[in-house]
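# Architecture and fold: a report
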Amino acid sequence: AQSVAQPEDQVNVAEGNPLTVKCTYSVSGNPYLFWYVQYPNRGLQFLLKYITGDNLVKGSYGFEAEFNKSQTSFHLKKPSALVSDSALYFCAVRDEDSNYQLIWGAGTKLIIKP
Amino acid sequence: DGGITQSPKYLFRKEGQNVTLSCEQNLNHDAMYWYRQDPGQGLRLIYYSQIVNDFQKGDIAEGYSVSREKKESFPLTVTSAQKNPTAFYLCASSILGTSLVGEQYFGPGTRLTVT
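Just so it is clear, the structure is predicted and the values come from calculations on it, not from any experiment.

### Remarks on the pattern of salt bridges
Residues and elements named next belong to chain B. Taken as a whole and judged by the stated rule, the model has seven salt bridges over all chains. Two residues, Arg44 and Asp38, come together in a salt bridge whose shortest N-O distance is 2.7 Å. Under the relative-accessibility criterion, Asp38 is labelled buried at 11%. Taken together, the shared-partner salt bridges in this structure form one network comprising Arg36, Asp38 and Arg44.

Next comes the structure, spelled out in structure tokens:
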């Protein structure tokens, strides 16, 4: 069965430190992977996506994600966290045979402490 | 400005009443989606539409209905048959095509409270 897992409900990081939000996936075909961010009471905003090519993808607000096919992972990273990065982060995957639907992770709450 | 609008931002209804949530996009996207978000949970797909006058059920379609009479509009009706309708509802749209992998663009959401 296709699935996306975000193993951490919450991640706490001190401002200025690097951050990682984890995502693993299971799909039958080639994975198309996405990261989104949601601020309180708002819709989701697209951060970045991996379709093919370079395993390191750069996105909005200084975020990047590393695709690892052997580990079926797509972890979100940022070298230096800001307090304003505090939000809910969602990983999603679209299998090429999924009729354009996205499979969503449960979300990880990122808290950046000053 | 291009984007997706949802109205109203907050909606209150009495139990037993149907309510319709609006979603409009001016991005010229073919596909539109409705999701439900509950606290501590990810997004769950209610309905989606890839073309005008056609739509498909998602994972939790029971108690909901949609229409897609225009490309720009995809309203969602929460019927009295939905047993637990209080939630945050998100509308999204995307481009569509086998050679295109378009990200979904989201509206600001409607928070529905049924008492």
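### Side note on the pairing of strand β5 (residues 43-51) of chain B
All names here are of chain B. Most of β5 sits out of view: seven of its nine residues are buried. One ladder, built from six bridges, connects strand β4 (residues 31-37) with β5; its direction is antiparallel. Pairing of Tyr35 across the sheet is with Leu45, part of β5. Here β4 folds back onto β5, and the loop between the two strands holds five residues, one of which, Gly40, carries a positive phi near 75 degrees. In this sheet, strand β6 (residues 54-57) lies alongside β5 in antiparallel orientation, the contact comprising three bridges. Bridging from a neighbouring strand, Ile51 pairs with Asp54 of β6. What sits between β5 and β6 in their antiparallel hairpin is a turn of two residues, with Asn53 showing a positive phi close to 65 degrees.

### Some points on the sheet that holds strand β3 (residues 19-25) of chain B
All names here are of chain B. Spatially, four strands are ordered β1-β3-β8-β7 in an open sheet, and the strand pairing comes out antiparallel. The open sheet has two edge strands with one neighbour each: β1 (4-7) and β7 (64-66). This sheet shows a mean twist of 20 degrees between the axes of neighbouring strands, independent of strand direction.

### Here's the deal with unusual backbone geometry
Cis peptide bonds are those with omega within 30 degrees of zero, and the linkage from Ser7 of chain B to Pro8 of chain B qualifies with -10 degrees. Mapped onto the fold, Pro8 of chain B is located in the loop between β1 and β2 (10-13). The backbone of Thr72 of chain A sits at a positive phi, close to 45 degrees, despite the residue not being glycine. Despite not being glycine, Asn28 of chain B shows a phi value in the positive range, around 60 degrees. Checked against the element boundaries, Asn28 of chain B lands in the loop between β3 and β4. Overall, Asn28 of chain B belongs to the exposed group, its relative accessible area being 56%.

### Here's the deal with the environment of Cys23 of chain B
Along the polypeptide, Cys23 of chain B turns up in strand β3. Once the C-alpha coordinates of Cys23 of chain B and Gln6 of chain B are considered, the two residues, 17 residues apart in sequence, prove to be 4.7 Å apart.

### A short note on the packing of aromatic side chains
Tallied over the full model, the rule gives 16 aromatic pairs over all chains. Centroid distance Trp104 of chain A to Phe106 of chain B: 5.8 Å. Interplanar angle 75 degrees. Geometry classified as edge-to-face. Of the two residues, Trp104 of chain A sits in strand β11 (residues 103-104) while Phe106 of chain B sits in strand β10 (residues 105-106), which places them in two different chains. A relative accessible area of 11% places Trp104 of chain A in the buried class. A relative accessible area of 11% means that Phe106 of chain B is categorised as buried. One aromatic cluster in this structure is built from Phe34, Tyr36, Phe46, Phe90 and Trp104 of chain A together with Tyr33, Tyr35, Tyr48 and Phe106 of chain B.

Thresholds applied
Residues numbered from 1 in each chain as written. Chains lettered and ligands numbered in written order. Predicted model: local features only at pLDDT ≥ 70, side-chain atom pairs only at ≥ 80, totals over all residues. Heavy atoms only, no water. Salt bridge = Lys/Arg side-chain N within 4 Å of Asp/Glu carboxyl O. Buried < 20%, exposed > 50% of the residue type's maximum accessible area, 1.4 Å probe, protein only. Helix = DSSP H or I, 4+ residues; strand = E, 2+ residues; numbered from the N terminus. Pairing = 2+ DSSP bridges. Axes fitted to C-alpha atoms, helices over the stretch in contact; angles between N-to-C directions. Phe/Tyr/Trp six-rings, centres within 6.5 Å; stacked < 30°, edge-to-face > 60°.

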